Number of protein chains: 2
Amino acid sequence: MAYFDAASAAPLHPVARQALLASLDEGWADPARLYREGRRARLLLDAAREAVAEAVGCRADEVVFTPSGTRAVHAGVSGVLAGRRRTGRHLIVSAVEHSSVLHSAEAHEAAGGEVTTVPVDRTAAVDPASYAAALRPDTALACLQSANHEVGTVQPVAEVAEVCRAAGVPLLVDAAQSLAWGPVRGGWSVLAGSAHKWGGPSGVGLLVVRKGVRFAPQGPVDERESGRAPGFENIPAIVAAAASLRAVRAEADREAARLRELTERIRAGVPRLVPDVEVVGDPERRLPGVVTFSCLYVDGEALLHELDREGFSVSSGSSCTSSTLTPSHVLKAMGVLSEGNVRVSLPPGTAEEDVERFLAVLPGAVAGVREKLGAPAPAAPAVVGAGERVVDALGKRCPIPVIELAKVIGDVPVGGTVRVLSDDEAARLDIPAWCEMRGQEYLGEEPAEKGTAYLVRRVS
Amino acid sequence: MAYFDAASAAPLHPVARQALLASLDEGWADPARLYREGRRARLLLDAAREAVAEAVGCRADEVVFTPSGTRAVHAGVSGVLAGRRRTGRHLIVSAVEHSSVLHSAEAHEAAGGEVTTVPVDRTAAVDPASYAAALRPDTALACLQSANHEVGTVQPVAEVAEVCRAAGVPLLVDAAQSLAWGPVRGGWSVLAGSAHKWGGPSGVGLLVVRKGVRFAPQGPVDERESGRAPGFENIPAIVAAAASLRAVRAEADREAARLRELTERIRAGVPRLVPDVEVVGDPERRLPGVVTFSCLYVDGEALLHELDREGFSVSSGSSCTSSTLTPSHVLKAMGVLSEGNVRVSLPPGTAEEDVERFLAVLPGAVAGVREKLGAPAPAAPAVVGAGERVVDALGKRCPIPVIELAKVIGDVPVGGTVRVLSDDEAARLDIPAWCEMRGQEYLGEEPAEKGTAYLVRRVS
């Protein structure tokens, strides 16, 4: 059994468990009350706030505990947008933010606000110059993650914060993926985090709002947590969150080096062991424990099931593993292959043997899925044939359209074209990505009688 | 040590603790994932939902877990108001709802909606006829608590639900105080609850929305909990909440009878043992463990400190114990005395000896506070004096204005008046309440050069 999905939720850290147990008997009462049980709860809450502030690098009275990272982002975005409404209603987000940020942006747009989405390069990184170009006199807020949750790429937060600061615009940093490894550097204004990403319990998010940032909490008023997070505080969980953050930080440097070495083995090993694979994300500026790759001609859900049967828990940004049947917005924004996508995110303490076993098992798992789907052999010899071929993949889902394309590309002469008809959303991303991987020329798409026609010219 | 503030937060039930511990290792993963840890988390979540549905008396797919009772109320009120916006923007609440409901109503008003507040009688009970009179063609939602959190009075929910149903208006019931004792009867449409009120952990609220109720969740979209409660589910806490609800229900009838007998002792004992006390709330239709009384000429905060020193943790609706320096809105709506207010709410398992000791300690604690404040003796003899007296209590806080009034009432002849000048918000409630308790005539208030003048005629 190897759980390789720490970027979704990390297993509870032993220190979190101990702190939770210890505070169940001390931290259940209302910290706003004056009697002894209330005072005891208040002491625990205050101490947890101090500990978190130290780990984040802020003042204790800037820290608000929310019920989740998602709620921290929602409250942070809406609070700053409302607080700075007189400046304007323009919001900037990157294209690869967590859904909680993008959904906040959608809600802002639906309420009449304006949103600029900053693009990313093929590694998922933003360019500070793009933020500079997006800033306007009516920009109320800019958002940028500290590191990407799907591919692990670390963003240039300090540089973007500097650009924003120069324009007088606060920057909200979604630090959910990186807080375990260290504080976020640079002059950010608002920060969001989530305890269960660092080995803390579920039920605790962090919202940090720097003094001086105009902030107007939305929704019904409530006096708890400086009026910024309504509802009774979950003190045992907050205590556990604070204690475990301190604990993971104490181990962070050593563990980061170890996990970086393990993910480097996967980054290097997968393309060597599995044909037709694209490893995505920045090879250097990345989270220690995350590595993501996509496998041509593979159904992501089938591959996840194969790996689960072998005892590996991983996640995927493939369209077939999402409820909406569209590929992950991160892979889409990067313009990389989404089919057969696998994200491996190692929790602290991952054993070397488990990573080695993963590398031993993966080639067979991928080959098995490809065989069932009738995928082309990795090195199919080129056959000269007719000048143009039409592939009707209508009604067929990822990865079938790409498999059909790969099967016929050898049948057209060099210079000839293949026209793939598809109504699967993933094809829009995966056919160009296949062309790039295979050295063929992607000519573009055009509407067809049914679905869309994707045109590919054989180059080699 | 006796904790008598279960209506704020109940100590963790042993079953909740066990269930929480047991599920920490099984319930931390993302229940939306397909691998084994995710499936295990999903199973726990589904089972908890079934158990809660059975206890509430609804379908499992009508239950949504929120991070707190407050968040359940906020989401429930805003969701129905938005879902029924085409019907209208009129909201009905009772005057004695929990602050989460009243703050939701304020937010609705601030956004341009209309709110009707249904009054209560001196016991805090609403009259179903008042709801019938408040209903309008544009009423989108009515709200009523199952039982009052400050004085324990049980509301006629089934009757009000019937009135609402006849008008086609959904009724939202805040059942936070009563869910431990049994399901809410009658045809309610939406229900909110809070696990830490029944001995479950902090961090879990319930929102139940009956099928067929138009509901449009507000805020950014999120796919968890049917799109009605954003953020990662806190599954160990949810499991503990469900298990403890089942456990307290198994003991509910026996424990309700026992606590009812203990609170009856307090209801009967306090007026016998302490002079100048008003026991408030309905003597029959009430929660088993709650009893509330107010003591003339007593500073609520000082009394709470005295009781805390004696080992009793209770709460108060007096103005001096609130951050806003206004008396509890519940006591205000009932029109009863607010000074020296004490709410005793016994948790299940309260020992008889602790209640007896409370009754033994209370008279001395009250007498001590009164002595420090220089309160009049309980039976001060009437002295005939001048025809009108002015008491300047400007700048003095509860209970001083009433103490000053009581000191001079004997100085005016029967038929004479006392004019109390006060700028303390509690005086508006407590001077009329004192008149009622003392058999004197309250003539009303009028603006004074500074503060307000309260006019009292000596009758006896």
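Residue positions are given per chain, counted from 1 along the sequence in the order it is written. Lettering for chains starts from A, numbering for ligands starts from 1, and both go in the order in which the items are written. Local features in this predicted model are restricted to residues of pLDDT 70 or higher, and side-chain atom pairs are both shown and tallied only at a pLDDT of 80 or more, whereas totals for entire chains, interfaces and linings draw on every residue. As a rule here, side-chain values cover all heavy atoms of the structure and leave hydrogens and water aside.

Some points on the packing of helix α8 (residues 300–309) of chain A against helix α10 (residues 352–373) of chain A
Residue and element names in this part refer to chain A. Heads up, the condition is: Think of each axis as a best-fit line through the C-alpha atoms, taken over the contacting stretch in the case of a helix, with angles from 0 to 180 degrees between the N-to-C directions. Comment: elements are numbered from the N terminus, with helices defined as DSSP H or I runs of at least four residues and strands as E runs of at least two. Note on angle classes: values under 35 degrees are labelled roughly parallel, values over 145 roughly antiparallel, values of 65 to 115 roughly perpendicular, and the remainder oblique. Note: crossing handedness is left-handed where the near helix turns anticlockwise from the far helix by less than a right angle, and right-handed where it turns clockwise. Here, residues are in contact when the closest pair of their heavy atoms is within 4.5 Å. Under the convention adopted here, Pro, Cys and the residues Ala, Val, Leu, Ile, Met, Phe, Trp and Tyr are nonpolar, Asp, Glu, Lys and Arg are charged, and Gly plus all remaining residues are polar.
Packing of α8 against α10 brings their axes to within 9 Å, and their N-to-C directions diverge by 135 degrees. When the interaxial angle is binned, α8 and α10 end up oblique. Crossing handedness for the pair α8 and α10: right-handed. Here Ala302, Leu303, Glu306 and Leu307 of α8 lie close against α10, whose contacting residues are Phe358, Val361, Leu362, Ala365, Val366, Val369 and Lys372. When the residues that make up the contact of α8 with α10 are grouped by side-chain class, the tally is nine nonpolar, no polar and two charged.

What to know about the interface of chain B and chain A
The criterion, for reference: When two components associate, each loses some accessible surface as probed by a 1.4 Å sphere; the sum of these losses over both components is called the buried area. Only one rule defines a salt bridge in this text: a Lys or Arg side-chain nitrogen within 4 Å of an Asp or Glu carboxyl oxygen. Distance and chemistry together define a polar contact, namely a pair of N or O atoms within 3.5 Å, with one atom able to donate a hydrogen and the other to accept it when in protein, and with adjacent residues in sequence counting only for side-chain atoms on both sides.
On the side of chain A, 53 residues touch chain B, which itself brings 53 residues to the contact. Taken together, the two surfaces of chain B and chain A that pack against each other cover about 4600 Å², and 58% of this comes from carbon and sulfur. In this structure, the connection of chain B to chain A is made through eight salt bridges. Here Asp5 of chain B ties to Arg33 of chain A by a salt bridge, and the two come within 3.6 Å at their closest N and O atoms. Joining chain B to chain A, the criterion identifies 20 residue pairs in polar contact (both at pLDDT 80 or more). Of all the secondary structure elements, the ones that give two or more residues to the side of chain B that touches chain A are α1 (14–24), α2 (36–56), α3 (69–83), α4 (99–110) and α8 (300–309) of chain B.

As for α1 of chain B
Because the α-helix completes a turn every 3.6 residues, residues three or four places apart line up on one side. Quick reminder of the rule: For every residue, the accessible area obtained with a 1.4 Å probe (protein chains only) is divided by the maximum for its type, and the residue is called buried under 20%, exposed over 50%, and partly exposed between those limits. As used here, the arc belongs to the directions running from the helix axis to the C-beta atoms.
Here α1 of chain B has its buried residues at Ala16, Ala19, Leu20, Ser23 and Leu24 of chain B. Angularly, the buried residues of α1 of chain B cover 130 degrees about the axis, an arc narrow enough to put them on a single face. Among the exposed residues of α1 of chain B, those pointing more than 90 degrees away from its buried face are Pro14, Gln18 and Ala22 of chain B. On the buried face of α1 of chain B, the contacting elements are α1 (14–24) of chain A together with α2 and α7 (235–273) of chain B.

A closer look at the relation of the copies chain B and chain A
Mapping one chain copy onto the other needs a rotation about an axis and a shift along that axis. Worth spelling out the cut-off: C-alpha atoms of residues with pLDDT of at least 70 in both copies form the basis for the least-squares superposition of the copies.
Each copy of the sequence occupies a distinct position, and chain B is placed on chain A by a rotation of 180 degrees and an axial shift of 0.0 Å, giving an RMSD of 0.1 Å. Both copies are brought into coincidence by an operation consistent with a two-fold rotation axis. Residue Pro67 of chain B, judged by its C-alpha, is the member of chain B lying nearest the rotation axis, at 3.0 Å. Of the interface residues in chain B, 100% have counterparts in chain A that sit at the interface too, so the contact is made through matching surfaces.

Side note on the packing of aromatic side chains
Threshold: We call Phe, Tyr and Trp rings a pair once their centres come within 6.5 Å, taking the six-membered ring for Trp, and we label the pair stacked below 30 degrees between planes, edge-to-face above 60, and tilted otherwise.
Within this structure, the stated rule accounts for ten aromatic pairs over all chains. Seen from their ring centres, Trp28 of chain A and Tyr3 of chain B are 4.6 Å apart, and the 85 degrees between their planes marks the pair as edge-to-face. Here Trp28 of chain A is found in the loop between α1 and α2 (36–56), whereas its partner Tyr3 of chain B is found in strand β1 (residues 2–3) on a different chain. As far as burial versus exposure is concerned, Trp28 of chain A and Tyr3 of chain B are alike and both buried.

Side note on the pairing of strand β4 (residues 114–118) of chain B
Residues and elements named next belong to chain B. Inclusion rule: For two strands to count as paired, DSSP must find a minimum of two bridges between them. By convention, a crossover is right-handed whenever its connection, traced from the first strand over the helix to the second and viewed with the strands pointing away, goes clockwise.
Sheet analysis places strand β3 (residues 90–94) next to β4, joined by five bridges and oriented parallel. Paired with Ser94 across the strands is Val118, a residue of β4. Handedness of the crossover is the feature at issue here: the chain leaves β3, passes through α4, returns alongside β4, and the resulting connection is right-handed.

Topic: the sheet that holds strand β13 (residues 388–392) of chain A
All names here are of chain A. Spatially, four strands are ordered β13-β14-β16-β15 in an open sheet, and the strand pairing comes out mixed. The open sheet terminates on both sides in strands that have one partner only, identified here as β13 and β15 (441–447). Taking the axes of each pair of neighbouring strands and ignoring which way they run, one obtains an average angle of 20 degrees across the sheet. By the bridge criterion, five bridges tie β13 to strand β14 (residues 417–422) in an arrangement that is parallel. Each bridged residue has a counterpart across the sheet, and for Arg389 the counterpart in β14 is Val418. Its contacts with the sheet put helix α12 (residues 427–438) on β14, β15 and β16 (452–457), and the angle it makes with β16 is roughly 5 degrees.

Here we look at the domain arrangement of chain A
Defined as follows: Where each domain begins and ends follows an automated or database-derived domain assignment.
The assigned domain composition of chain A is domain 1 (9–248), domain 2 (252–373) and domain 3 (388–457). Using only C-alpha atoms to locate each centre, domain 1 of chain A and domain 3 of chain A end up separated by 43 Å.

Digging into the sheet that holds strand β14 (residues 417–422) of chain B
Residue and element names in this part refer to chain B. Here four strands make up an open sheet; going across it, the order is β13-β14-β16-β15 and the pairing mixed. Every other strand in the sheet has two partners, leaving β13 (388–392) and β15 (441–447) as the edge strands with one partner each. Strand after strand, the sheet turns through a mean of 20 degrees between neighbouring axes, direction not considered. Pairing between β14 and strand β16 (residues 452–457): six bridges, direction antiparallel. Bridging from a neighbouring strand, Thr417 pairs with Arg457 of β16. Against the sheet, helix α11 (residues 400–409) makes contact with β13, β14 and β16, and its axis sits at roughly 160 degrees relative to β14, the strand it touches most. Lying over the sheet, helix α12 (residues 427–438) contacts β14, β15 and β16, oriented at roughly 5 degrees with respect to β16.

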